[in-house]
Amino acid sequence: MSQGYSKKVVGYAAYCISTLAVVISQMPRADAASLSFSATGTNPISGGTSAALGATAVFDNSIAGKLTLTLTNTGPGASAPSDVLTGLFWDYAGSPLTNLTLSSAKAPTVITNNVTTGTNVDLTKVGGNKVEWGFAKTTASSGLGGAAGVANPVTQHYGIGTAGFGISPGFGLSGGQQFNYGIITGYDSANPAVSGGTFVKNSATFVFSGLPTGFDLSKIQNLRFQYGTALNEPSTYYIAPPPPPKKVPEPGATVALGLFAVGALRVAKKKPLVSA
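Keep in mind the model is a prediction, meaning the values are calculated, not measured. In this numbering scheme, every chain counts its residues from 1 along its sequence in written order. Whole-chain, interface and lining totals are the exception, using all residues; otherwise, since this is a predicted model, local features are given only for residues with pLDDT of at least 70 and side-chain atom pairs are given and counted only at 80 or more. Heavy atoms throughout the structure, all of them, feed into the side-chain values; hydrogens and water do not.

With respect to the packing of aromatic side chains
Each aromatic pair joins two rings of Phe, Tyr and Trp (for Trp, the six-membered one) with centres within 6.5 Å, and gets the label stacked for planes under 30 degrees apart, edge-to-face for over 60, and tilted for any other angle. This model, assessed by the stated rule, comprises 12 aromatic pairs. Geometrically, the ring pair formed by Phe-37 and Tyr-238 is edge-to-face, given 4.9 Å between the ring centres and 80° between the ring planes. With Phe-37 in strand β1 (residues 34-42) and Tyr-238 in strand β13 (residues 235-238), the pair connects residues that are 201 residues apart, well separated along the chain. On the basis of an interplanar angle of 70° and a centroid distance of 6.0 Å, the ring pair of Phe-89 and Phe-165 is categorised as edge-to-face. In this pair, Phe-89 sits in strand β4 (residues 85-92) while Phe-165 sits in the loop between β8 (158-161) and β9 (183-184), placing the two residues 76 residues apart along the sequence. What makes Phe-89 buried here is its relative accessible area of 0%. For Phe-165, a relative accessible area of 6% translates into the label buried. To qualify as a helix, a DSSP run of H or I must reach at least 4 residues; to qualify as a strand, a run of E must reach at least 2; elements of each kind are numbered from the N terminus. Residue burial is assigned from relative accessible area. The probe radius is 1.4 Å, only protein chains are included, and a residue is buried under 20% of its type maximum, exposed over 50%, and partly exposed in between.

Points about empty space enclosed by the protein
Throughout, the protein atoms alone are placed on a 1 Å grid, and a set of points is a cavity if a 1.4 Å probe fits but cannot get out or a pocket if it is open with protein on both sides within 12 Å along at least five of seven lines; lining residues have an atom within 4 Å of a point. Grid points are joined across faces, edges and corners, and a volume is the space filled by probe spheres set on the points. Overall, the coordinates contain one cavity of 30 Å³ or more when judged by the stated rule. Put simply, the largest cavity is a space of about 40 Å³. Ten residues, namely Ala, Val, Leu, Ile, Met, Phe, Trp, Tyr, Cys and Pro, are considered nonpolar, four, namely Asp, Glu, Lys and Arg, are considered charged, and the remaining ones, Gly among them, are considered polar. Grouping the amino acids of the lining of the largest cavity by side-chain chemistry returns three nonpolar, five polar and one charged.

Overview of unusual backbone geometry
Cis rather than trans, the peptide bond between Ser-168 and Pro-169 has omega equal to -5°. Relative to the helices and strands, Pro-169 resides in the loop between β8 and β9. One non-glycine residue, Phe-165, lies in the positive phi region at around 65°. Positive phi values are uncommon outside glycine, yet Ser-189 reaches one of about 50°. We classify Ser-189 as exposed; its relative accessible area is 55%.

Considering the nonpolar core
We define the nonpolar core as a collection of buried residues of types Ala, Val, Leu, Ile, Met, Phe, Trp, Tyr and Cys that are connected through side-chain atoms lying within 4.5 Å of one another. Of all hydrophobic cores here, the largest spans 38 residues; its most connected members are Phe-59, Leu-71, Leu-88, Trp-90, Ile-160 and Phe-225. Grouped together as the second largest cluster of nonpolar side chains are nine residues, Ala-136, Val-154, Phe-171 and Leu-231 included.

Regarding the environment of Gly-41
For Gly-41, the location among the structural elements is in strand β1. With 194 residues separating them along the chain, Gly-41 and Ser-235 place their C-alpha atoms 7.9 Å apart. In what follows, residue pairs with any heavy atoms lying within 4.5 Å of each other are defined as contacts. Apart from the residues within four sequence positions on either side, Gly-41 is in contact with Ala-51, Ala-52, Leu-53 and Thr-236.

Points about the side chain of Asp-83
Tracing the backbone shows Asp-83 in the loop between β3 (66-73) and β4. The positive count covers Lys and Arg only, the negative count covers Asp and Glu only, and His and the chain ends enter neither. Salt bridges, as used here, are contacts in which a Lys or Arg side-chain nitrogen is within 4 Å of a carboxyl oxygen on Asp or Glu. Buried charge without a partner: Asp-83 forms no salt bridge, and the closest opposite charge is Lys-201, 15 Å away. The term polar contact refers here to a pair of N or O atoms within 3.5 Å; inside protein, the definition further demands a hydrogen-donor-capable atom paired with an acceptor-capable atom, and it admits residues adjacent in sequence only when both atoms are side-chain atoms. Here the side chain of Asp-83 touches Ser-46 through a polar contact of 3.0 Å, side chain to side chain. Among the polar contacts listed, one links the side chain of Asp-83 to the backbone nitrogen of Ser-79, at a separation of 2.9 Å. When residues no more than four places from it in sequence are discounted, the contact partners of Asp-83 are Asn-43, Ser-46, Leu-53, Asn-73, Ala-78 and Tyr-227.

Quick look at the confidence of the model for the protein chain
Confidence of the predictor in every single residue is expressed as pLDDT, which spans 0 to 100. Summarising the model, the protein chain shows a mean pLDDT of 83, and 75% of its residues fall at 70 or more. In this model residues 5-30 is a low-confidence stretch, pLDDT under 50, and it forms 27 contacts with partners more than four residues away in sequence or in other chains. Predicted confidence for residues 267-276 stays below pLDDT 50, and this span has 11 contacts to residues more than four positions away or in other chains.

Right, here's the structure in full:
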């Protein structure tokens with residue numbers, strides 16, 4: 001085999017291995033330990049200096065059998081109750097999670113009128129027995145729904161919230177002012193209802209048990225972040241972009257190996273393996 005031909009073989013092999021690495025790196029990981037979703041929007045009835053809304057939900061299944069959700073308000077300070085993040089709804093594109101239950105809900109910091117009034121607060125046992133955040137799920141094709149006649153019902157099948165929203169089944173809350181213990185980042189010319197309320201500052205973490213074998217974190221989708229105490233108040237959505245078109249139906253790794261084989265075949269056709 002000539003030295004020039006050897007260099008060509010090495011070059012084609014390097015190209016094919018590089019292609020293999022690129023294809024594999026772009027494959028979605030079904031076993032990913034963490035998945036983050038964000039959504040932004042505006043609140044036209046906010047009375048603050050900014051009408052912006054923003055929130056992030058991070059799902060994590062790194063603990064066996066558990067699903068951890070960290071819900072964060074990333075918007076500016078709250079002016080009106082409709083600036084308060086009070087719920088999150090989502091879907092799962094797999095077999096229904098019939099055994100999923102909320103096992104804990106914790107707020108690192110709780111504030112009233114910008115004064116810290118609690119730390120590491122259990123949102124399912126506030127003051128000993130009050131449920132301020134709850135979880136609901138349904139297998140109904142229409143989703144969790146909402147109050148009769150509401151124009152924007154919840155079509156998702158799983159959700160957490162500190163306000164009732166008229167969904168069915170409900171969150172099992174203890175009652176009281178519904179936006180209390182909602183999530184805010186601070187205050188922005190807060191009206192009396194907000195300045196006198198009690199809120200989770202920045203974020204809360206929820207832990208669910210009952211994940212089935214084979215749970216796929218990447219199948220969480222269609223998120224709705226809800227603000228205020230009614231479904232006709234602001235909400236923002238995370239809708240995943242469509243996946244890029246696939247050139248062939250095989251999985252990515254198989255395609256990469258196919259490219260490697262095609263490259264090798266091209267080398268074989270260009271020059272015989274034994275030099276004359």
